Amino acid sequence: MIAPALLAVASLGIAGALALDIALRVMGLGGFPLYARDPASTYRMASDQQGRFRRRARWRFDRFGIRTDDSAASLAGRIVLLGDSVVEGGIHLDQDDTLAAIVARDSGWAVSAVACHGWALSNELGALTTLPGWEQAAALVWVVNTGDFDTVGRGESELSFPTRRPLWLALWLARRHIYRARPRWWPFRSHFLTPGPHRPEMRGEALARFAGIAPRIAGPIVIVGHARRDESIMDGDIAGEPFFRELAAVRPGSAYVSPAALPGWDRDCYIDDIHPNARGARLIADAIIPNLPPFNPRKREEP
């Protein structure tokens, strides 16, 4: 009689796990975008994908892995927003509320967001220079934060940067939570997300690399210093960090803006410690647009 009882329990367990997995998928928790490996930037957002996270936040990526509804064959004649997930927007922010979408609507320019979760300076510059037409960009707007300076995005785990859909979503989400949350009760400490090595020399490397790139860009350059939620702003410098202005000084005449130093910015502009919500994206766009060249539809170069 024990075997039938165990079989019944096992059957109930399998049925429960299947029901949970179906429920999570119906809720849209499996509606996240995928990543792809790329030798120029280590990894990037995968090409030609679209969906909705939690059945609400819409996202779409073109063949270059750029989050956009306005696919283009080249960056020529477009405003290029360069950065990490602050620029890309993240899965909790709808496509229409991303920084690129707001800048495009309010400025009239066609905008391409060359951005990916977890990227740092070297990933971002590597991705930019592999895309066609980057030298003919109407403007380069580089959105950076202090987390970008001394590391390199590695795309180190399928639990943070999935390249394929999990077969069992419930188990994958549980493993991802443990990997990222680092709970004290979990006995296998080696399974936790570990930060990349701290490499202060990467600042000099980024400055040197940017010095070779900046003069080749046709349009103006804008450096946007984005503050984390708990970082202080003093005289426009984030946490007293001068590196933002050092980036802006690479090409004379480049603009530097710090949206968090402007009126109206507060803790309610964030989704989490670093990512802006729709209101925050709107204020960043308001800081960027005055530094863009005037939009003239007749001069816009269509791809």
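Note that residues are indexed from 1 along each chain, following the sequence as it is written. Under the rules for a predicted model, residues below a pLDDT of 70 receive no local features and side-chain atom pairs below 80 are neither given nor counted, while totals for whole chains, interfaces and linings still include all residues. Hydrogens and waters are ignored; side-chain quantities use all the structure's heavy atoms.

Novice: Can you tell me about the environment of I178, naming the residues and giving the values?
Specialist: One can find I178 in helix α5 (residues 169–181). Residues I178 and N291 lie 113 residues apart in sequence; the distance between their C-alpha atoms is 43 Å. In this description a helix means any DSSP run of H or I spanning at least four residues, a strand means any run of E spanning at least two, and both kinds are numbered starting from the N terminus.

Novice: Before we move on, could you go through a nonpolar patch on the surface and cite the residues and values that matter?
Specialist: The grouping of L18, I22 and V26 at the surface amounts to a nonpolar patch, some 280 Å² of accessible area in total. Positionally, L18 belongs in helix α1 (residues 2–26). The rule is simple: take the accessible area with a 1.4 Å probe, protein chains only, and divide by the maximum for that residue type; under 20% is buried, over 50% is exposed, in between is partly exposed. A residue is classified by how much of its surface remains accessible, and L18, at 53% relative accessible area, is exposed. By definition, no residue in a patch forms a salt bridge, and every one has over 30% relative accessible area; like charges are joined within 9 Å, nonpolar side chains (Val, Leu, Ile, Met, Phe, Trp, Tyr) within 5 Å. Per-residue and other accessible areas were derived by the Shrake-Rupley procedure at a 1.4 Å probe size, with only the shown protein chains allowed to occlude residues. By salt bridge we mean one thing: a side-chain nitrogen of Lys or Arg within 4 Å of a carboxyl oxygen of Asp or Glu.

Novice: Break down the nonpolar core for me, with residues and values.
Specialist: Formed by 69 residues in total, the largest nonpolar core has its most connected members in I79, V114, V141, W142, F210 and I223. We call two residues in contact whenever any of their non-hydrogen atoms come within 4.5 Å of each other. Those residues in contact with F210, other than ones at most four positions away along the chain, are L125, L140, W142, P215, I221, I223, L247 and V250. With 13 residues, the next largest nonpolar core counts L24, F32, F53 and A170 among its residues. Side-chain atoms within 4.5 Å are what join buried Ala, Val, Leu, Ile, Met, Phe, Trp, Tyr and Cys residues into a set we call a nonpolar core.

Novice: Run through helix α8 (residues 278–288), naming residues and quoting values.
Specialist: Residue pairs three or four apart in sequence face the same way in an α-helix, which turns once every 3.6 residues. Within the sequence span of α8, burial applies to G280, A281, I284, A285, A287 and I288. Projected down its long axis, α8 shows its buried positions confined to an angular sector of 160 degrees, all on one face. Here the buried face of α8 lies against α3 (99–107), β7 (139–144), β8 (221–225) and β11 (255–257). Definition of a polar contact: a pair of N or O atoms within 3.5 Å, with one able to donate and the other able to accept a hydrogen when the atoms are protein atoms, and with sequence-neighbouring residues admitted only if both atoms are side-chain atoms. Where α8 begins, the side chain of N277 points an oxygen toward the backbone nitrogen of R279, at a separation of 3.1 Å. By construction, the arc corresponds to the directions joining the helix axis to the C-beta atoms.

Novice: Give me the pattern of salt bridges: which residues, what numbers.
Specialist: As enumerated under the stated definition, the model contains 17 salt bridges in all. We note a salt bridge from R44 to D38, for which the minimum N-O separation is 3.2 Å. Between E158 and R164 there is a salt bridge whose closest N-O contact spans 3.5 Å.

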